[in-house]
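As a plain string of letters, each chain reads:
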Amino acid sequence: MKQVSATVLSNHALMPGYHLVHVDASDIVTTCLPGQFITVRCGEKLPLRRPLSIHKVTNSKYLHLLFKIAGKGTLWLSQREKDENLDILGPLGNGFSIKPSSRNLLLIAGGIGIAPLAFLAQQALSKGKSVKLLLGASTKKVLYPQKQLPGGTETIIATEDGSEGTKGKVTDILSSHIDWADQIYACGPLAMYKEIASQRQQRQSRKPIQVSLEVRMGCGIGACFSCSIKTKHGMKRVCLDGPVFDLDEVILEEVKI
């Protein structure tokens, strides 16, 4: 973990309400792992840093951050211009893990849940794994562009209004692909995790599923305990013990977003 000044290379709206920022963060990029996150100081007037998933890394130098504008901090970040500097702390948390024996990896992204999964796909493909992505969104208008995905990613799309791909939620197409996977990874809303857990229980499947949790964080480094959740192994801090957890470990009914 380092605190660095990262130079903005580009910043643009990828979809309405969603921004993609590229920064030169060579001091930390080589230590970043899929599923980890960084925190950004968003202006002088906001006391808390904003946690953001590491979306992708390129050339062992550049960090890509994808986020939804959801408040003053992310609004400020969306307005940064080329050559401005960002105060970044990271990488933080524990990320996804891939078993050496696994060949087929199934990724499930609900909306902005694609943010950490693109980096996972990037790393998995570089290791010769097969990657299938179930990509969901409310409508085509806010669907993550497939051209942004690492080459070699097989993508199956679902939109709730049917404007692209299968009509319905991304979990509606899960049953057709779950048997193919050696490992499963998911990032999305809590309701999506509950549905995945329900389907898994109905199929009596014991395939490992890793999920990335998004909860309100204070410090982002494990000192304030504000992001603590109840698990089957006691209380855990999402920022320090996560944000990636085994689905079996998390007591979903106790998670507060």
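Here's a quick rundown of the structure. (Residues numbered from 1 in each chain as written. Predicted model: local features only at pLDDT ≥ 70, side-chain atom pairs only at ≥ 80, totals over all residues. Heavy atoms only, no water.)

Here strand E3 (residues 37-40) shows a buried face lined by Phe37 and Thr39 and a second buried face lined by Ile38 and Val40. Looking at chain direction, E3 and strand E4 (residues 50-53) are connected through 4 bridges and run antiparallel. What sits directly across from Val40, in E4, is Arg50. Relative to strand E7 (residues 85-92), E3 runs antiparallel, the two being bridged by 3 bridges. Within the sheet, the bridge partner assigned to Phe37 lies in E7 and is Leu92. (Buried < 20%, exposed > 50% of the residue type's maximum accessible area, 1.4 Å probe, protein only. Helix = DSSP H or I, 4+ residues; strand = E, 2+ residues; numbered from the N terminus. Pairing = 2+ DSSP bridges.)

Our focus in this paragraph is the sheet that holds E3. Spatially, the 7 strands line up as an open sheet ordered E4-E3-E7-E1-E2-E6-E5, and their pairing is antiparallel. Where the open sheet ends on each side, the last strands, each with one partner, are E4 and strand E5 (56-58). For this sheet the average axis-to-axis angle between neighbouring strands, irrespective of direction, equals 35°. (Axes fitted to C-alpha atoms, helices over the stretch in contact; angles between N-to-C directions.)

Turning next to a negative patch on the surface. Residues Glu160, Asp161, Asp172 and Glu195 make up a contiguous surface patch of negative charge. Note that Glu195 resides in helix H4 (residues 190-203). In this structure Glu195 comes out as partly exposed when scored by relative accessible area, which is 33%. (Patch = residues over 30% accessible without salt bridge, like charges linked within 9 Å, V, L, I, M, F, W, Y side chains within 5 Å. Areas by Shrake-Rupley, 256 points an atom, 1.4 Å probe, with all protein chains shown as cover. Salt bridge = Lys/Arg side-chain N within 4 Å of Asp/Glu carboxyl O. Lys, Arg positive; Asp, Glu negative; His and termini not counted. Charge placed at Lys NZ, Arg CZ, Asp CG, Glu CD.)

Before going further, it helps to examine the side chain of Lys129. Among the secondary structure elements, Lys129 is positioned in the loop between helix H3 (114-126) and strand E9 (130-137). Here Lys129 occupies a buried position and makes no salt bridge, while the nearest side chain of opposite charge, Asp182, is found at 7.6 Å. In this structure Lys129 touches Ile98, Lys99, Pro100, Ser102, Arg103, Leu105 and Ala124, once residues within four positions along its chain are discounted. (Contact = heavy atoms within 4.5 Å.)

A few words on the pattern of salt bridges. Counting across every chain of the model gives 8 salt bridges. In this structure, Asp248 engages Arg200 in a salt bridge whose closest nitrogen and oxygen atoms are separated by 2.5 Å. Of this pair, Asp248 sits in the segment after strand E16 (244-246) while Arg200 is found in helix H4, placing the two residues 48 residues apart along the sequence. Given the relative accessible area of 36%, Asp248 is considered partly exposed. What makes Arg200 buried here is its relative accessible area of 5%. A network of salt bridges, in which partner residues are shared, links Arg41, Arg49 and Asp87.

Another point: the packing of aromatic side chains. A complete count under the given rule lists 1 aromatic pair for this structure. The ring of Trp76 is capped by Arg80, whose NZ or CZ atom sits 4.1 Å from the centre of that ring. (Phe/Tyr/Trp six-rings, centres within 6.5 Å; stacked < 30°, edge-to-face > 60°. Lys NZ or Arg CZ within 6 Å of the ring centre and 35° of its normal.)

It is worth spelling out the sheet that holds strand E13 (residues 209-212) at this point. With respect to topology, 7 strands assemble into an open sheet ordered E11-E10-E9-E8-E12-E13-E16, the strand pairing being mixed. The open sheet terminates on both sides in strands that have one partner only, identified here as strand E11 (166-167) and E16. Bridge count between strand E8 (residues 104-110) and E9: 7 bridges; the pairing is parallel. Looking at E9, one finds that Leu106 is bridged to Lys132. H3 contacts E8, E9, strand E12 (183-187) and E13 of the sheet and is inclined by roughly 165° relative to E8. Against the sheet, H4 makes contact with E8, E12 and E13, and its axis sits at roughly 155° relative to E12, the strand it touches most.

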